[in-house]
Number of protein chains: 4
Amino acid sequence: MHIGLVGLGKMGANMRTRLRAAGIEVTGFDRNPDVTDVPSLDALVEALPAGERLVWVMVPSGAITDGVVRELAGLLVPGDLVIDGGNSYYQDDAPHAALLAEHGVGFLDAGVSGGVWGLQNGYGLMVGGEAALVERAMPVFDALRPEGPREEGFVHAGAVGAGHFAKMVHNGIEYGLMQAYAEGFELLAAKDLVTDVHGTFKAWSRGTVVRSWLLDLLVQALEEDPKLAAIDDWVEDSGEGRWTVDEAIDLAVPAPVISAALFARFASRQGESPAMKAVAALRQQFGGHAVRPAP
Amino acid sequence: MHIGLVGLGKMGANMRTRLRAAGIEVTGFDRNPDVTDVPSLDALVEALPAGERLVWVMVPSGAITDGVVRELAGLLVPGDLVIDGGNSYYQDDAPHAALLAEHGVGFLDAGVSGGVWGLQNGYGLMVGGEAALVERAMPVFDALRPEGPREEGFVHAGAVGAGHFAKMVHNGIEYGLMQAYAEGFELLAAKDLVTDVHGTFKAWSRGTVVRSWLLDLLVQALEEDPKLAAIDDWVEDSGEGRWTVDEAIDLAVPAPVISAALFARFASRQGESPAMKAVAALRQQFGGHAVRPAP
Amino acid sequence: MHIGLVGLGKMGANMRTRLRAAGIEVTGFDRNPDVTDVPSLDALVEALPAGERLVWVMVPSGAITDGVVRELAGLLVPGDLVIDGGNSYYQDDAPHAALLAEHGVGFLDAGVSGGVWGLQNGYGLMVGGEAALVERAMPVFDALRPEGPREEGFVHAGAVGAGHFAKMVHNGIEYGLMQAYAEGFELLAAKDLVTDVHGTFKAWSRGTVVRSWLLDLLVQALEEDPKLAAIDDWVEDSGEGRWTVDEAIDLAVPAPVISAALFARFASRQGESPAMKAVAALRQQFGGHAVRPAP
Amino acid sequence: MHIGLVGLGKMGANMRTRLRAAGIEVTGFDRNPDVTDVPSLDALVEALPAGERLVWVMVPSGAITDGVVRELAGLLVPGDLVIDGGNSYYQDDAPHAALLAEHGVGFLDAGVSGGVWGLQNGYGLMVGGEAALVERAMPVFDALRPEGPREEGFVHAGAVGAGHFAKMVHNGIEYGLMQAYAEGFELLAAKDLVTDVHGTFKAWSRGTVVRSWLLDLLVQALEEDPKLAAIDDWVEDSGEGRWTVDEAIDLAVPAPVISAALFARFASRQGESPAMKAVAALRQQFGGHAVRPAP
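Residue positions within a chain follow its written sequence, with the count starting from 1. Working convention: letters from A go to chains and numbers from 1 go to ligands, in the order in which they are written. With pLDDT at 70 or above as the cut-off, local features in this predicted model cover only qualifying residues; side-chain atom pairs require 80 or more to be listed or tallied, and sums for whole chains, interfaces and linings still use all residues. As a rule here, side-chain values cover all heavy atoms of the structure and leave hydrogens and water aside.

Going by the annotation in an unreviewed UniProt entry, the name recorded for chain A is 6-phosphogluconate dehydrogenase, with Cellulomonas soli given as the source organism. UniProt positions are given in the numbering used here, feature names are shortened, and annotations may be inferred rather than shown by experiment. Quoted verbatim from the Sequence similarities (unreviewed entry) field of UniProt, the annotation for chain A is "Belongs to the 6-phosphogluconate dehydrogenase family."

**Q** Please clarify how the interface of chain C and chain D should be interpreted in this entry.
**A** In many reports, interface size means the accessible area that the parts give up when they come together. Any pair of residues with heavy atoms lying within 4.5 Å of one another is described as a contacting pair. Residue-level contacts link 57 residues of chain C with 57 residues of chain D. In this assembly, chain C packs against chain D so that about 4900 Å² is buried in total across both faces, 65% of it on carbon and sulfur atoms. One speaks of a salt bridge when a side-chain nitrogen belonging to Lys or Arg is within 4 Å of a carboxyl oxygen belonging to Asp or Glu. Taken together, the links from chain C to chain D amount to 0 salt bridges. We define a polar contact as two N or O atoms separated by no more than 3.5 Å, with the added condition that, inside protein, one atom must be a possible hydrogen donor and the other a possible acceptor, whereas residues neighbouring each other in sequence contribute only through side-chain atom pairs. For the pair chain C and chain D, the interface holds 22 residue pairs in polar contact (both at pLDDT 80 or more). Of the residues forming the side of chain C that touches chain D, the biggest block, 14 residues, is contributed by helix H13 (residues 274-287) of chain C. Amino acids are sorted into nonpolar (Ala, Val, Leu, Ile, Met, Phe, Trp, Tyr, Cys and Pro), charged (Asp, Glu, Lys and Arg) and polar (every other residue, Gly among them). Of the residues assigned to the side of chain C that touches chain D, the class counts are 30 nonpolar, 13 polar and 14 charged. By convention, the term buried area covers the 1.4 Å-probe accessible surface removed from two parts as they join, with the contributions of both added. Going along the chain from the N terminus, every DSSP run of H or I of four or more residues is numbered as a helix, and every run of E of two or more is numbered as a strand.

**Q** Hey, could you run me through the sheet that holds strand E3 (residues 54-57) of chain A in this one?
**A** Hydrogen bonding along the main chain pairs the strands of a sheet, whether they run parallel or antiparallel. Residue and element names in this part refer to chain A. Any two strands are treated as partners once DSSP identifies two or more bridges connecting them. Sheet architecture is open: 7 strands sit in the order E2-E1-E3-E4-E5-E6-E7, paired in mixed fashion. In this open sheet, the two edge strands, each paired with only one partner strand, are strand E2 (25-29) and strand E7 (154-158). The mean angle between the axes of side-by-side strands here comes to 25 degrees, regardless of whether they run parallel or antiparallel. Bridging between E3 and strand E4 (residues 81-84) involves 4 bridges; their strand directions are parallel. Looking at E4, one finds that Trp56 is bridged to Ile83. Lines fitted to C-alpha atoms define the axes here, with helix axes fitted over just the stretch in contact, and angles between the N-to-C directions of these axes take values from 0 to 180 degrees. Against the sheet, helix H3 (residues 63-75) touches strand E1 (2-6), E3 and E4, its axis set at about 165 degrees to E3.

**Q** What should I look at first to understand the packing of aromatic side chains in this one?
**A** For any pair of aromatic rings, geometry is given as the distance between the ring centres together with the angle between the planes. Side-chain rings of Phe, Tyr and Trp (the six-membered ring for Trp) are treated as a pair once their centres are within 6.5 Å; stacked means planes under 30 degrees apart, edge-to-face means over 60, and tilted covers the remaining angles. With the rule as written, the count across this model stands at 36 aromatic pairs over all chains. Consider the rings of Phe263 of chain B and Phe266 of chain B, whose centres lie 6.0 Å apart with planes at 55 degrees: the pair is tilted. With a gap of 3 residues between them, Phe263 of chain B and Phe266 of chain B both fall in helix H12 (residues 256-268), about one helical turn apart. By the burial criterion, Phe263 of chain B is buried, and Phe266 of chain B matches it. Within the aromatic cluster, the residues linked to one another by ring pairs are Tyr89, Tyr90, Phe165 and Trp243 of chain A. Lysine and arginine charges are scored as sitting over a ring when NZ or CZ, respectively, is within 6 Å of the ring centre and within 35 degrees of the ring normal. Taking NZ or CZ as reference, Arg292 of chain B lies 3.8 Å from the ring centre of Trp234 of chain A, over its face. Sitting over the ring of Tyr175 of chain C, Arg265 of chain C keeps its end group 3.7 Å from the ring centre. Partly exposed describes any residue whose relative accessible area lies between the buried limit of under 20% and the exposed limit of over 50%, with all areas from a 1.4 Å probe on protein chains only and scaled to the type maximum.

**Q** Would you take a moment to explain the interface of chain A and chain D for this structure?
**A** In this assembly, 74 residues from chain A lie in contact with 74 residues from chain D. Together, the buried faces of chain A and chain D total about 6100 Å²; carbon and sulfur atoms form 70% of this surface. Of all residues in chain A, Leu187, Arg206 and Val209 of chain A give up the largest surface area on contact with chain D, accounting jointly for 12% of the area buried on that side. Our count for the contact surface shared by chain A and chain D stands at 4 salt bridges.

**Q** What is the right way to read the sheet that holds strand E7 (residues 154-158) of chain C from this model?
**A** Residue and element names in this part refer to chain C. Reading across from one edge, E2-E1-E3-E4-E5-E6-E7 is the order of the 7 strands in this open sheet, with mixed pairing throughout. Strand pairing shows two members of the sheet lacking a second neighbour, strand E2 (25-29) and E7, which therefore form its edges. Between one strand axis and the next, the sheet turns by 25 degrees as a mean value, whatever way the strands run. Along the sheet, helix H3 (residues 63-75) contacts strand E1 (2-6), strand E3 (54-57) and strand E4 (81-84); its crossing angle with E3, the most-contacted strand, is approximately 165 degrees. Against the sheet, helix H8 (residues 162-190) makes contact with E4, strand E5 (106-113), strand E6 (124-128) and E7, and its axis sits at roughly 15 degrees relative to E5, the strand it touches most.

**Q** For this particular structure, what's the right way to read the domain arrangement of chain A?
**A** Residues and elements named next belong to chain A. Domain segmentation is taken from an automatic or database assignment of domains. Each assigned domain of chain A is listed with its residue range as follows: domain 1 (2-159) and domain 2 (168-269). Computed over C-alpha atoms only, the centres of domain 1 and domain 2 are separated by 30 Å. With both chains or domains summed, domain 1 and domain 2 bury close to 730 Å², and 60% of this area falls on carbon and sulfur atoms. Linking domain 1 with domain 2 are 0 salt bridges, by the criterion used here. Split by residue class, the side of domain 1 that touches domain 2 holds 4 nonpolar, 6 polar and no charged.

**Q** When you look at helix H12 (residues 256-268) of chain D in this model, what are you seeing that I'm missing?
**A** One turn of an α-helix holds 3.6 residues; hence residues three or four places apart share an orientation. Residue and element names in this part refer to chain D. One fewer than the residue count of a helix, multiplied by 1.5 Å, yields its expected span. Here H12 is 13 residues long and its end C-alpha atoms lie 18 Å apart, about the 18 Å a rise of 1.5 Å per residue gives. Here H12 lies mainly inside the structure; 11 of its 13 residues are buried. Within H12 the residues assigned to the buried category are Val257, Ile258, Ser259, Ala260, Ala261, Leu262, Phe263, Ala264, Arg265, Phe266 and Ser268.

**Q** Could you clarify how one ought to interpret unusual backbone geometry in this entry?
**A** Trans peptide bonds make up the majority, and among non-glycine residues the majority have a negative phi. Residue and element names in this part refer to chain A. Here Leu228, not a glycine, exhibits a phi torsion of approximately 55 degrees, which is positive. Here Leu228 is to be found in the loop between helix H10 (213-224) and helix H11 (239-251). Note on Leu228: relative accessible area 0%, which makes it buried.

**Q** Honestly, the relation of the copies chain C and chain D in this entry has me stumped. Any pointers?
**A** Relating the two copies of this chain is a rotation about some axis coupled with a shift parallel to it. The fit set for superposing copies consists of C-alpha atoms from residues with pLDDT of at least 70 in both; the fit itself is least squares. Note on the copies: chain C fits chain D at an RMSD of 0.0 Å, the axial shift is 0.0 Å, and the rotation between them is 180 degrees. In short, the pair behaves as if placed about a two-fold rotation axis. In this assembly the copies share their binding face: 100% of the residues contributing to the interface of chain C also contribute to that of chain D.

**Q** Any chance you could explain the pattern of salt bridges here in plain terms?
**A** Residues and elements named next belong to chain A. Applying the stated criterion across every chain yields a total of 56 salt bridges over all chains. Glu223 is the partner of Lys202 in a salt bridge, and the nearest nitrogen-oxygen pair spans 3.4 Å. With Lys202 in helix H9 (residues 197-203) and Glu223 in helix H10, this pair connects stretches of sequence that are 21 residues apart. Given a relative accessible area of 47%, Glu223 falls into the partly exposed group. Salt bridges sharing common partners tie together Glu236, Asp237, Arg242 and Arg269.

**Q** Can you walk me through the side chain of Arg283 of chain D in this structure?
**A** With respect to the helices, strands and loops of the structure, Arg283 of chain D is situated in helix H13 (residues 274-287). When charges are counted, Lys and Arg contribute as positive and Asp and Glu as negative, whereas His and the chain ends are disregarded. Salt bridges are absent for the buried Arg283 of chain D, whose nearest opposite-charge side chain, Glu174 of chain C, sits at 6.1 Å. Residue contacts for Arg283 of chain D: discarding those within four places in its chain leaves Met178, Val235, Glu236 and Arg265 of chain C together with Gly288 and His289 of chain D.

**Q** I tried to follow the relation of the copies chain A and chain D on my own but got confused; where do I start?
**A** Between chain A and chain D, the superposition needs a rotation of 180 degrees and an axial shift of 0.0 Å, giving an RMSD of 0.0 Å. Residue by residue, 100% of the interface of chain A is reproduced at the interface of chain D, so both copies engage with the same surface.

**Q** Teacher, can you tell me more about the packing of H12 of chain B against helix H12 (residues 256-268) of chain C here?
**A** Two measures define how a pair of helices packs: the angle their axes make with one another and the distance between the axes. Where H12 of chain B contacts H12 of chain C, the two axes come as close as 9 Å, and the packing angle between them is 165 degrees. Compared by their axis directions, H12 of chain B and H12 of chain C come out roughly antiparallel. With respect to the hand of their crossing, H12 of chain B and H12 of chain C are arranged in right-handed fashion. Contacts between H12 of chain B and H12 of chain C pair Pro256, Val257, Ala260 and Ala261 of chain B from the former with Pro256, Val257, Ala260 and Ala261 of chain C from the latter. Each residue belonging to the contact of H12 of chain B with H12 of chain C can be placed in one class, and the counts come to 8 nonpolar, no polar and no charged. Relative orientations are named as follows: roughly parallel for angles under 35 degrees, roughly antiparallel for angles over 145 degrees, roughly perpendicular for angles from 65 to 115 degrees, and oblique for any other angle. The sense of a crossing depends on the near helix, which, turned anticlockwise from the far helix by less than a right angle, makes the crossing left-handed and, turned clockwise, makes it right-handed.

Take a look at the structure:
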């Protein structure tokens, strides 16, 4: 099998390696000449068999993914297939599928989890689209997913968009899980009685209810830096946490934990909190409570 | 009527002024010789008619209130009455009532709201204890409470402890109200489209659903400093917000808003957040995401 | 002055009454023949002076407001002015302003607060758009807003959209305020020690930090039904609470209180919670904890 | 080695089995004559070598644990050792240690995680107390903990109380983790686009960031009942979630996720929500919004 792969960043490059190791021929294209296999998207398309092409797109979501899909719509021919494996917003998928369909080109959306460890462990895959197209791309999915039964690392979650929707929810859950461990870390670290915080997390690695891969990673981080002294308390958020809460609001699903985790990240990046200035101002007004002057 | 008042801090001194203005004779005692009327608690007790004394205690809650009540138990005689008007934890009230009862001394707990504005506006009062004692102290309550119908500024909320319990819940609500306005302030301030944040809050003063005394105070704070530039985002919390959430947990009452307001205050005082360091560390571990080095 | 008013529902009809009482001539149109003054939107436009018309739109936000604005764009002439006083999403305002501008017609957006009480108390007004248009419509705003200084019931908050944005935040705050009182109510009601919940809320009416118009309304509700026994715990949400949280997410503003209030409403309408079924299932799996069979 | 084990409920009986399988002689006592090895606590004490006894207490926390410890204090002799392996509140540990120390008896507190699966997988252990006593009991800990490196299933977390404190935080984290998965489940289940919810969770079993033991259990629950139709949305809470939030409040540690998870359980058990009745009442008062009559 010979496929195209657009986007050779951290994720894309690792996926190319894993696919090749599984015996799949991969022609990769990236704007970065140091990593690309071919000089242009045209060249990538040329390298593949017309009408049977499978092009996996692995570029930043939003405008860049949109641009690549539009370009591909102009280059591909009936029978070809595009898979968007990036972290696209699931509502972008149906328009992309419709655009490609105008050219007789198929479309699948694939949510991909696993981060930098996916190269070695395999990637969890959530796919949306028509069953026949999913079947056709299965050798690729099988090469990317972890060892073991297919259904433990791969799902055909539904129609176009379902793959990215599932990935979005996966990431929303991830926000909540991380914040739960983080609150626990802060509680242990705040308590003088507990003299071995790293050891406590490590002791949860086996047998306990809270054991998980994220726990293992936190143990590893604490192994390197037991008080996380070298790390700033500044946490970026990707779009997917926000989309998850937006979706919860749209579906009228209560999401107190996922939203709390998201808001904690917002707060972590604020130099100062306008809201808390307002609370301080109110206390001063009614109670004559002292406020701290701004630094 | 002639009463004793122990504690002449910001609140106590204002209450003495208001009581005297209402024609009640007040002998005040405070450890601060600049404000006290008598040199000692003994002297305060001596100044009042034995067996008919009413001593209002207005000192910091916890150990100090406890100490004063214990001292008074040793000085007062059957028929006397102690009112704890401080922000005591409601579970301290029953032991105090029991201790004083051993000496034939009555006890009422009074939650007092109004802050520095109470001198002028009167204080909202929530009282716990026996009806006969409440009746006996009514002239004092009437002098302290705002003008208008008694039931709009005074309640006999229940048995001993009910006054402080009601005040605790009052303060819990207050936390939630303040945080709601504060989040609204931050939203308006974050939006370039809105060019008059202070004016917007001021326009809510009349006719709107959100009008309140706290709103008026925020308008005033914004009048003085439209961006609250001079105020630090550092907010103290008194015991009562914590007790409210503890009580919610004890009663199995969901309190997401009051607890969120409390946690926002905790976070406002953290130089750095250990929890968010842990989240940053996790993201670095699984995604190779860059972390900021600690400053 | 003679203006047009489209939409004579609960809000619109009250506003017509208040405007007329202030000496402003109002021609109202509604699809309901029982309340309308003229048989059609055309007739309403005909009744007003061409090139100087002021048409206030007070219909449900979304498709219906959009339809009315589009119709008006076809009927009005340069110099006319449309004011959208409904609860429109602020991002709908700029497109409406642009559409009307193509016909030389001006546009203002006006957030209106006050509910059914506005007829009597006046309405709090938040307006977005060009200053000259705001000035021109001022007699209408003055008639609608509460007695007292203009700036305590009216604000020109910014460019087109700022009025509805401010109203959206107003409603978001309102969600938080209501939930704070509601949690306090539940805490008082859950505590046997407190024997007069209604009286406690009533006693907060004057002098306290938590006094507000919403408090007064809750006191009134408790006066009629001290345990709220006749009212179901089922709470609708309008779009504006959702938009506020969406906006918080977009602006990266932490909004734990407003979102908690919104989620509590979602939960109030669920017959059963899929999330809590999942938690129950998990506890059964790991702990052998008994679950309740679904009813 | 020969030890005593008090309490042969679900956990205790499994632990006895696991200990015996590891070659440790166990004499168990339980009030239930069907499962006990000896007829009384006295008999259990008699069966062990005086001055070298190790008695593991595995009974419900609170009064029952307290009673057993008090009884043991009267029966044991200098050199004996008591380990409380139940879910005791960590602040109960120091008094128990002090009481036993008066009789020359040592004390360790051990948090035990693993639920019904511990028999097979081993139990995660968090221990507090003196190092020499921990060392002495190590054969027991080694028998109970999972296979693999000791530090991945066992920690000496600190002085007396640290074991139960760590277990309390473990359970607090567990609340947050479960709620995060549960919110994700509800989001997937609410979205028609996703046609295979069970398959999606199953596909997260390998390779993904959210893989964990709890995830595996949820997959298993969904395998048996894909919509959890047979399970009621009613979730009990043990003391440890409450204690964790109480502790967060005491330490001024923000815990929005753990508290949200706890409050969701409270809400799950309410037939009706007094708070939401209050919100409904308020909306009716100010907006004339219809309320549903209580059923």
